[in-house]
Each structure stands twice: as structure tokens, then as C-alpha cells.
Amino acid sequence: MILGLFGNDDELVFEIELIGADGLELPVDVILDTGFSGWLAIDEQDLQGLDWIYVQTRALRTARGEADFNIYAGLIRIDGQTFDIPVHVGEGVSEILLGRQWLKTRRLVVDVPSRVLTLG
């Protein structure tokens with residue numbers, strides 16, 4: 001289980017590690033976005049240096065309309081566990097996003113009044 005923090009506007013923020021093809025581990029803060037149906041979304045500039053393998057391009061409906069995302073085979077670590085997941089990479093993704101796919105395998109606890117946020 002990982003502990004999260006609430007952002008300035010009560011965003012659900014967690015820390016994970018992105019793992020590059022060379023084994024470099026990059027800790028990053030991510031926002032859990034239940035409106036995003038995938039596993040992870042990042043901006044194309046965040047992809048630099050990770051050397052993840054391109055898989056395909058897929059259209060995705062976003063809050064700004066339909067957009068094309070490049071899908072990469074990404075490696076990340078959450079709570080000490082390593083996952084090989086499809087990562088949506090697009091232009092103008094302002095924050096790194098965890099999507100609701102994680103909620104199929106992990107329990108999310110959000111208690112804003114008590115300031116408790118966990119994913120595990």
C-alpha cells in the first residue's frame with residue numbers, strides 16, 4: 001500500500017518510479033485521474049531518456065476532444081512492485097496521470113476530512 005497526499009486542489013497525488021530501458025529509476029509524483037481509462041499517461045517530453053518501446057498509436061477521447069496518443073511499453077514501480085504496462089504518451093499532458101485501470105487491482109481509500117489517501 002502506498003500513501004498519497006492531497007494536492008492544493010485536493011488532487012490525489014502518489015509517488016511512483018518510472019524505470020528506463022537502462023534501469024534508471026526516476027521518482028515522480030502522479031495524479032490519480034478516474035476519468036482516464038488507461039494505466040498511465042505522460043507528456044511526450046517526459047518520455048525522453050526512458051527509451052521505452054513504441055507499440056502503436058491510438059485515438060482517445062479527452063476533456064479537450066479526441067487526440068492521438070502513442071502507446072509505449074513502459075516499466076514502472078509502485079509500492080516496491082514492478083509493472084510492465086501500456087503508457088499513453090501525448091502532447092500537452094500537463095501532469096503524469098494514473099488511470100482507473102489500477103482500481104481493478106488495488107483498493108483506493110480517499111478520506112478527505114481525515115486527510116487519508118492510500119492505494120494498495
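Everything here concerns the structure above.
For clarity, every value in this text was computed on a predicted model and none was experimentally measured. (Residues numbered from 1 in each chain as written. Predicted model: local features only at pLDDT ≥ 70, side-chain atom pairs only at ≥ 80, totals over all residues. Heavy atoms only, no water.)

Chemist: Any details on the sheet that holds strand β1 (residues 2-3)? Residues and values, ideally.
Modeler: With respect to topology, three strands assemble into an open sheet ordered β1-β11-β10, the strand pairing being antiparallel. Looking at which strands have only one partner, the edges of the open sheet turn out to be β1 and β10 (108-111). Where β10 meets strand β11 (residues 116-119), four bridges bridge the pair, whose relative direction is antiparallel. If you follow Val 110 over to β11, its bridge partner there is Leu 117. (Pairing = 2+ DSSP bridges. Helix = DSSP H or I, 4+ residues; strand = E, 2+ residues; numbered from the N terminus.)

Chemist: Tell me what's going on with unusual backbone geometry, and back it up with residues and numbers.
Modeler: A negative phi holds for most residues other than glycine; trans holds for most peptide bonds. Phi at Asp 79 is positive, roughly 55°, even though this residue is not glycine. Of note, Asp 79 is situated in the loop between β7 (65-78) and β8 (81-90). Located in the positive-phi region is Arg 115, a residue other than glycine, with phi close to 60°. By secondary structure assignment, the location of Arg 115 is in the loop between β10 and β11. Classification of Arg 115 as partly exposed rests on a relative accessible area of 47%. (Buried < 20%, exposed > 50% of the residue type's maximum accessible area, 1.4 Å probe, protein only.)

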